[in-house]
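Descriptive analysis of the structure
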Amino acid sequence: MKNRHFDVLIIGAGISGVGAACHLSRECPEKSVAILERRKAMGGTWDLFRYPGIRSDSDMFTFGFNFRPWTNPKTLADGPSIKQYVIDTAREYGVDKKIHYGLKVTGATWSSKAQKWTVETVNEETGEKSEYTGAFLMLCTGYYNYDHGYKPDFPGEKNFGGQIIHPQHWPEDLDYAGKRVVIIGSGATAVTLLPAMADKTKHITMLQRSPTYMMSLPAKDPMALRLKGLLPEMAIYRLMRARNIAMQRFSFIAARNYPEQARRLLLRLARRQLGKNVDMRHFTPSYQPWDQRLCAMPNGDFFKAIRDGKASIATGKIKTFTKKGIQLESGEELSADIIITATGLDLQMMGGATLSVDGKTHKASDSMLYKSVLIENVPNAGIVTGYTNASWTLRADLVAEYVCRLLKHMDEKGYAAVTPVDREGCKTSDTVFGTLNSGYVTRAADRLPKQGSSGPWKVTHDYFRDLVLLRRGAMEDECLRFEKPLVGRTAYPSAA
């Protein structure tokens, strides 16, 4: 057993973990930092997913880090480009040398007596166990299970004579040229797969239980292209980033305040790109805009594949798999050589690790998040969760900045530990995802952190609110209990 101690332990070397380590390198260079990563490469989501067309569903001016410009002209970038961006950023800030690969975190325990975390890991290849200790813990594992995605048990599945594939485990040698393919699902993954595969397949069909709102974005930002060469790269990045953040927030608020008008606009734009021969019932959701995330596509590639006849959409419930495909409850049959179950993610917090405080197990679902960062009743622990209505990295950057501010404040005041405490009993049954009712969220409601009815416990998914709260908000209030180092005496709370 080997034991190593660091000021900050980060779990996960995806875009959140690498970003957090870079912020610490910039703002707290004196802090020792280690990133524990289960995989053998950094990149997280962008290293795991390998299906055709894998790309971001948020524009890269807001999905990129706030401290390092995204210079690729693509608005919705492909997975390999995003992974390379993460790698290049890590190298630039020396973070690549702080990553410990091949370590699955099995548990993390806080000791109030020692005022530190002990993180247990195992090398899944060798079985070797090791321990790392740290003063502060940052959970940057995302919110889904890396081992498997969500896939319901379909009736008659064993009768199907072809291949059944989940996008989370895409076979590198899959040959779909000239094959009939059915994609089950209507989320971002399905909307990405269909146009990416359409040119090679004999025909490809997206089978959806219900429609999703879809919108087209320019593959390359025309304004950014016009400004290239006229302004420094960072200036262009900041300008485009500010514009897109404002547009995202405005469009979201407008859609929530005027849902019928937003609905008509989205459907009218879809109709314009699909043409008059497409049945719009396949593109008309039963819910209002932003009850679930909108699916974005570059240059309307999904609409084009449907319009050109290379692909089609079927809407209905599955009755059973057959030897040659899928039979719907309506009686319609979809022939297939390959079925892709793009049925969503299996949500999981903290990478599946067990969190405990002084020997008492702590479940994510039992807690609220203070300012969307610190875990209620858990000392010195922060967690990164993204926005439901904007880019993940927007909040990841703010969270990392806040943790840097907090660590500096604790050093200045001589504090060793900080614990968020709900003194008003404002916990609700709502999760940190708020009103989002996507299937992957509702399925995992019992596993997600909760939010409060007011104050720093309420998660608003409002970037501008968080900008003020996390960058300029007071570092001490009645919800935080600070403790001095324990040197033969009982720790005491701050006067705040």
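Below you will find a few notes about this structure. These figures come from a predicted structure and were not determined experimentally.

Structural notes on the pairing of strand β2 (residues 33-36)
Along β2, one buried face is formed by Val33 and Ile35 and the opposite face, lined by Ala34 and Leu36, is buried too. Looking at chain direction, β2 and strand β3 (residues 99-100) are connected through 2 bridges and run parallel. Residue Ile35 lies in a different strand from β3, and its bridge partner there is Ile99.

So, the environment of Ile99
The topology assignment puts Ile99 in strand β3. In this structure Ile99 comes out as buried when scored by relative accessible area, which is 9%. In this structure the C-alpha to C-alpha distance between Ile99 and Ala242, which are 143 residues apart in sequence, comes to 32 Å. Beyond its immediate chain neighbours, meaning those up to four positions away, Ile99 contacts Ala13, Ile35, Glu37 and Met42.

Concerning empty space enclosed by the protein
This model, assessed by the stated rule, comprises 5 cavities of 30 Å³ or more. For the largest cavity, the calculated volume is near 80 Å³. In terms of residue class, the lining of the largest cavity is built from 6 nonpolar, 3 polar and 2 charged.

So, the sheet that holds strand β15 (residues 333-335)
Across the sheet, 3 strands lie side by side as β13-β14-β15; this open sheet has antiparallel pairing. A single partner strand is all that each edge strand has here, and the edge strands are β13 (318-322) and β15. Each neighbouring strand pair of the sheet contributes to a mean axis angle of 20°, computed without reference to strand direction. Bridging between β13 and strand β14 (residues 325-328) involves 4 bridges; their strand directions are antiparallel. Among the inter-strand pairings, Ile318 is bridged to a residue of β14, identified as Leu328.

Some words on the pattern of salt bridges
Going through the model one piece at a time under the given rule, you end up with 26 salt bridges. A salt bridge links Glu125 to Lys40; the nearest nitrogen and oxygen atoms lie 2.2 Å apart. With Glu125 in the loop between β5 (116-122) and β6 (129-139) and Lys40 in the loop between β2 and α2 (45-48), this pair connects stretches of sequence that are 85 residues apart. Taking relative accessible area as the criterion, Glu125 reaches 61% and is therefore assigned exposed. Given a relative accessible area of 61%, Lys40 falls into the exposed group. A salt bridge links Arg249 to Asp462; its shortest N-O distance comes to 3.3 Å. Of this pair, Arg249 sits in helix α7 (residues 233-257) while Asp462 sits in the loop between β24 (450-452) and α12 (463-472), and the two are 213 residues apart along the sequence. Relative accessible area serves as the criterion here: at 18%, Asp462 is assigned to the buried category. Counted as one network, the salt bridges with shared partners bring together Arg39, Asp47, Arg50 and Lys83.

Each value, and the rule that gives it
- Residues numbered from 1 in each chain as written.
- Predicted model: local features only at pLDDT ≥ 70, side-chain atom pairs only at ≥ 80, totals over all residues.
- Heavy atoms only, no water.
- Buried < 20%, exposed > 50% of the residue type's maximum accessible area, 1.4 Å probe, protein only.
- Helix = DSSP H or I, 4+ residues; strand = E, 2+ residues; numbered from the N terminus.
- Pairing = 2+ DSSP bridges.
- Contact = heavy atoms within 4.5 Å.
- 1 Å grid on protein atoms, 1.4 Å probe; cavity = no way out; pocket = protein on both sides within 12 Å on 5 of 7 lines; lining within 4 Å.
- Points joined across faces, edges and corners; volume = space filled by probe spheres on them.
- Nonpolar A, V, L, I, M, F, W, Y, C, P; charged D, E, K, R; others polar.
- Axes fitted to C-alpha atoms, helices over the stretch in contact; angles between N-to-C directions.
- Salt bridge = Lys/Arg side-chain N within 4 Å of Asp/Glu carboxyl O.

The analysis is restricted to geometry; functional conclusions fall outside its scope.
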